[in-house]
Amino acid sequence: MSKNNLSVRQELAALYRILDMYGMTDLANQCAAARSSENKNIYLVHQYGMFYDEITASSLIEIDNNGKPKDPKSPWLNDGCINLCKWIFNTREDVNYYVHGHSEDVMAVGGTEEGLQYFSQAAVYLNHLIEYIDYDFTEDDEYGEKFKSIIKKNDILITRNHGYYTLGKTAAEAFFRAYYLEQACSVQIKNLSMKLTPRPIDKQKAEYHWQHMSKSNDYNYDGKTEWSALLRKLDREKINYKL
């Protein structure tokens, strides 16, 4: 294994462990994946049935851009995760990582006609990146084509009644978008559950704020600010992810 590909494996394993650390899991379901740094048509996925806190760099499995494992003796893989690799990585050459989550709060917000509203700063970060799709549990070819047509133009996709997908050039960016999407949905649910008069941020003001925030040198909206600290935390508490 080359040094470059080991780095991608360790980064993806770290992403899984960090998602677990912040409670962003659903037993053995959900997934994250990465593009190989050696071959853009090779992707790394986890073994189905492993919990996020078990995943290590060496446990990750390589598949090709048709979703076939490089090793014919490969263990059981999540077919949904394989579909996502084909749909996302084959469509978006600029994307190297994705996170797919089944957050209850995102499912709840995605299950409304209104979707995510501007109740938080996190919603201001993300709303311009988001699109929605009605989920089809069969995930047939027709659904796959629809998914690809939407993900081609958007970095976050909420599947109504199912979950979400966040894309990133880096593991840090995919995590940042997942973390703050869950936060934004949680804030919205709490706000509306109080049965008081809601005061969301005006949409035009939110868009104006984002234009200024995105140009600021005071913060990074790609997860870069926090990622090194998250890795240091992992190295202190769960360094076996690198194995």
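That block above? That's the structure.
A brief structural summary. As the structure is a computational prediction, the values presented were derived from the model and not from experiment.

The subject of this paragraph is the overall build of the protein chain. In terms of helices and strands, the protein chain carries eight helices and seven strands. Relative to its length of 243 residues, the protein chain is compact, with a C-alpha radius of gyration of 18 Å against a globular reference of 18 Å. Referenced to the eigenvectors of the C-alpha coordinate spread, the extents of the protein chain come out at roughly 60 × 45 × 30 Å. Looking at the protein chain as a whole, 50% of its 243 residues are labelled buried.

Bringing the environment of glutamate 131 into the picture now. Its place among the elements puts glutamate 131 in strand E5 (residues 130–134). Take glutamate 131: its relative accessible area is 33%, and that puts it in the partly exposed class. In the structure, glutamate 131 is positioned 16 residues away from glycine 115 in sequence and 9.5 Å away in space, judged by C-alpha atoms. Those residues in contact with glutamate 131 that lie beyond four places of it in its chain are Ile150, Asn154, Ile156, Leu157 and Ile158.

Let us now look at the packing of helix H2 (residues 79–89) against helix H5 (residues 141–151). Where H2 meets H5, the axes come as close as 9 Å, and the angle between the chain directions of the two elements is 45°. Taken together, the axes of H2 and H5 are oblique relative to one another. As H2 packs across H5, the resulting crossing turns out to be right-handed. Packed against H2, whose contacting residues are Leu84, Trp87 and Ile88, the element H5 presents Tyr143, Gly144, Phe147, Lys148 and Ile151 at the interface. Here the residues of the contact of H2 with H5 sort into six nonpolar, one polar and one charged.

With that settled, the discussion passes to the packing of aromatic side chains. Evaluated as defined, the whole model comprises 23 aromatic pairs. Ring geometry for tyrosine 135 against tyrosine 143: centres 5.8 Å apart, planes inclined by 90°, an arrangement best described as edge-to-face. Their ring planes at 55° and their centres at 4.9 Å tell us that phenylalanine 176 and tyrosine 180 sit as a pair that is tilted. With a gap of four residues between them, phenylalanine 176 and tyrosine 180 both fall in helix H6 (residues 171–193), about one helical turn apart. For the pair shown, phenylalanine 176 and tyrosine 180 are each scored as buried.

Another aspect to go through is the pairing of E5. The two faces of the sheet receive side chains in turn, since in a regular strand these alternate between them. Direction of pairing for E5 relative to strand E6 (residues 156–160): parallel, over a ladder of five bridges. Within E6, the position partnered with aspartate 134 by the bridge is arginine 160. Regarding the hand of the β-α-β motif, the stretch spanning E5, H5 and E6 is right-handed.

In this section: the sheet that holds E6. Strand order in this open sheet of seven strands is E3-E2-E1-E4-E7-E6-E5, and the pairing throughout is mixed. Each end of this open sheet is capped by a strand with a single partner; those strands are strand E3 (61–64) and E5. Averaged over all neighbouring strand pairs, the angle between strand axes comes to 20°, with direction disregarded.

Turning our attention to the pattern of salt bridges. Applying the stated criterion across every chain, the model contains twelve salt bridges. Connected via shared salt-bridge partners are Arg92, Asp94, Asp155, Glu173 and Arg177.

How each quantity is defined
- Residues numbered from 1 in each chain as written.
- Predicted model: local features only at pLDDT ≥ 70, side-chain atom pairs only at ≥ 80, totals over all residues.
- Heavy atoms only, no water.
- Helix = DSSP H or I, 4+ residues; strand = E, 2+ residues; numbered from the N terminus.
- Rg over C-alpha atoms; globule rule 2.2 N^0.38 Å.
- Buried < 20%, exposed > 50% of the residue type's maximum accessible area, 1.4 Å probe, protein only.
- Contact = heavy atoms within 4.5 Å.
- Axes fitted to C-alpha atoms, helices over the stretch in contact; angles between N-to-C directions.
- Parallel < 35°, antiparallel > 145°, perpendicular 65-115°, else oblique.
- Left-handed = near helix turned anticlockwise from the far one by under 90°.
- Nonpolar A, V, L, I, M, F, W, Y, C, P; charged D, E, K, R; others polar.
- Phe/Tyr/Trp six-rings, centres within 6.5 Å; stacked < 30°, edge-to-face > 60°.
- Pairing = 2+ DSSP bridges.
- Right-handed = clockwise from strand over helix to strand, strands pointing away.
- Salt bridge = Lys/Arg side-chain N within 4 Å of Asp/Glu carboxyl O.

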